[in-house]
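Listed here are the chains, written in short residue letters.
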Amino acid sequence: MEAPQPPAPESARERLLKAAAVLFYNNGIGGTGIDAIVERAGVAKKSLYNNFSSKADLVNQYLQARHEEWLGLHEARARDAETPRARVLAVFDAYQDHAEHEYERGFRGCGLLNAAAELTAGDIGRQAVRRHKEEVEALLAAPLAELLPDDPDRAARLAQQLSFLLEGAIARAGLEGTSALVHEARAMASDMLEAL
């Protein structure tokens, strides 16, 4: 029997993205310089420019990685959700998992919204964040359409309401540094679903 192989070492690109993710979340995009990212990643500055065309490119890759990270949390929760109601609540559960992640300096809210707040109105990064939030609403809308097959307008309105409830909860949770409000929002959502 062969001994397990050690994991392959991370590439400079992976190390840079991980370092940027921690620093952008902790200090903000504007508060994080290239030198700090390179130092934390333990790579030469040239490696950054060999892997990313600019800091803006690195920011966009960070936003995409955050989106994929959340989708992974959601997919894990959705696998066990056997009913439309459970699939709606899985979205809330994924946000709670996100809030309970081990952050270096504690939970500060949605990393995507935090980043979007720093970007100019027309920045492509803000568009990426908007697409993420639209995808979250769509993940709520699909099972609601199953629960309300004869009233698609009501299902769409409810998806929007639950999306707003979730966003408000995650923003407030970020201010408080705890997932408690996301848990409360989930309970509210569950009550709304029970009333259907």
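Source: prediction; values computed, not measured. (Residues numbered from 1 in each chain as written. Predicted model: local features only at pLDDT ≥ 70, side-chain atom pairs only at ≥ 80, totals over all residues. Heavy atoms only, no water.)

(A) The arrangement of the overall build of the protein in detail. Of the regular secondary structure elements, the protein holds nine helices and zero strands. Listed N to C, the secondary structure of the protein is α-α-α-α-α-α-α-α-α in terms of helices and strands. With the C-alpha coordinates of the protein rotated into their principal frame, the extents come out at 60 × 55 × 30 Å. The buried share among the 196 residues of the protein stands at 40%. Sequence separation of 24 or more characterises 64% of the internal contacts of the protein that already satisfy a separation of 6 or more. (Helix = DSSP H or I, 4+ residues; strand = E, 2+ residues; numbered from the N terminus. Buried < 20%, exposed > 50% of the residue type's maximum accessible area, 1.4 Å probe, protein only. Contact = heavy atoms within 4.5 Å.)

(B) Quick look at the UniProt feature "domain: HTH tetR-type" (unreviewed entry) in the protein. With numbering matched to this structure, UniProt assigns "domain: HTH tetR-type" (unreviewed entry) to residues 10-70. Across residues 10-70, the secondary structure splits into 77% helix and 0% strand, with the terminal C-alpha atoms separated by 21 Å. (UniProt positions renumbered as here; feature names shortened; annotations may be inferred.)

(C) The side chain of Lys133, seen in detail. Checked against the element boundaries, Lys133 lands in helix 7 (residues 124-147). In terms of polar contacts, Lys133 uses its side chain to reach the side chain of Tyr95, at 3.1 Å. Not counting chain neighbours up to four residues away, the residues in contact with Lys133 comprise Tyr95, Cys110, Leu113 and Glu167. (Polar contact = N/O pair within 3.5 Å; in protein donor to acceptor, adjacent residues only side chain to side chain.)

(D) Highlighting the pattern of salt bridges. The final tally for this structure, using the stated rule, is eleven salt bridges. A salt bridge links Glu134 to Arg130, with the nearest nitrogen and oxygen atoms 3.2 Å apart. Of this pair, Glu134 and Arg130 both sit in helix 7, four residues apart, roughly one helical turn. For Glu134, a relative accessible area of 43% puts it in the partly exposed group. (Salt bridge = Lys/Arg side-chain N within 4 Å of Asp/Glu carboxyl O.)

(E) Geometry of helix 1 (residues 12-27). In a regular helix each residue adds 1.5 Å, so 16 residues correspond to 22 Å; helix 1 covers 22 Å between its end C-alpha atoms and thus fits that length. Where helix 1 is concerned, the buried positions are Leu16, Leu17, Ala19, Ala20, Leu23, Phe24, Tyr25 and Asn26. Gly28 sits one or two residues past helix 1 and shows a positive phi near 85 degrees. (Expected span 1.5 Å × (residues − 1).)

(F) Region of the structure containing the environment of Glu167. Considering the arrangement of structural elements, one finds Glu167 in helix 8 (residues 152-176). The buried category is assigned to Glu167, whose relative accessible area is 16%. Taking the C-alpha atoms as reference points, Glu167 and Ala185, 18 residues apart in sequence, are found 9.6 Å from one another.

(G) Molecular detail of the packing of helix 8 against helix 9 (residues 180-194). The N-to-C vectors of helix 8 and helix 9 enclose an angle of 160 degrees; their axes lie 8 Å apart at closest approach. Looking at the two axes, helix 8 sits roughly antiparallel to helix 9. Of the two elements, helix 8 crosses helix 9, and the hand of that crossing is right-handed. Where helix 8 abuts helix 9, its residues Leu158, Gln161, Leu162, Leu165, Ala169, Ile170, Arg172, Ala173 and Glu176 lie against Leu181, Val182, Ala185, Met188, Ala189 and Met192. A class-by-class count of the residues in the contact of helix 8 with helix 9 yields twelve nonpolar, one polar and two charged. (Axes fitted to C-alpha atoms, helices over the stretch in contact; angles between N-to-C directions. Parallel < 35°, antiparallel > 145°, perpendicular 65-115°, else oblique. Left-handed = near helix turned anticlockwise from the far one by under 90°. Nonpolar A, V, L, I, M, F, W, Y, C, P; charged D, E, K, R; others polar.)

(H) Structural detail: the side chain of Thr32. Structurally, Thr32 can be placed in the loop between helix 1 and helix 2 (34-41). When its relative accessible area of 2% is taken as the criterion, Thr32 is described as buried.

(I) Looking closely at the packing of aromatic side chains. Going through the model one piece at a time under the given rule, you end up with four aromatic pairs. Measuring from ring centre to ring centre gives 5.2 Å for Trp70 and Tyr95, while their planes differ by 55 degrees; the resulting arrangement is tilted. Taken as a pair, Trp70 in helix 4 (residues 55-79) and Tyr95 in helix 5 (residues 84-99) lie far apart in primary sequence, 25 residues in all. The two residues Trp70 and Tyr95 agree in class, both being buried. A centroid spacing of 5.8 Å and a plane angle of 40 degrees characterise the contact between Tyr103 and Phe107, whose relative ring orientation is tilted. The same class applies to Tyr103 as to Phe107, namely buried. Following the ring pairs from residue to residue traces out a cluster consisting of Tyr25, Tyr103 and Phe107. The ring centre of Tyr25 lies 5.7 Å from the NZ or CZ of Arg108, which sits over that ring. (Phe/Tyr/Trp six-rings, centres within 6.5 Å; stacked < 30°, edge-to-face > 60°. Lys NZ or Arg CZ within 6 Å of the ring centre and 35° of its normal.)

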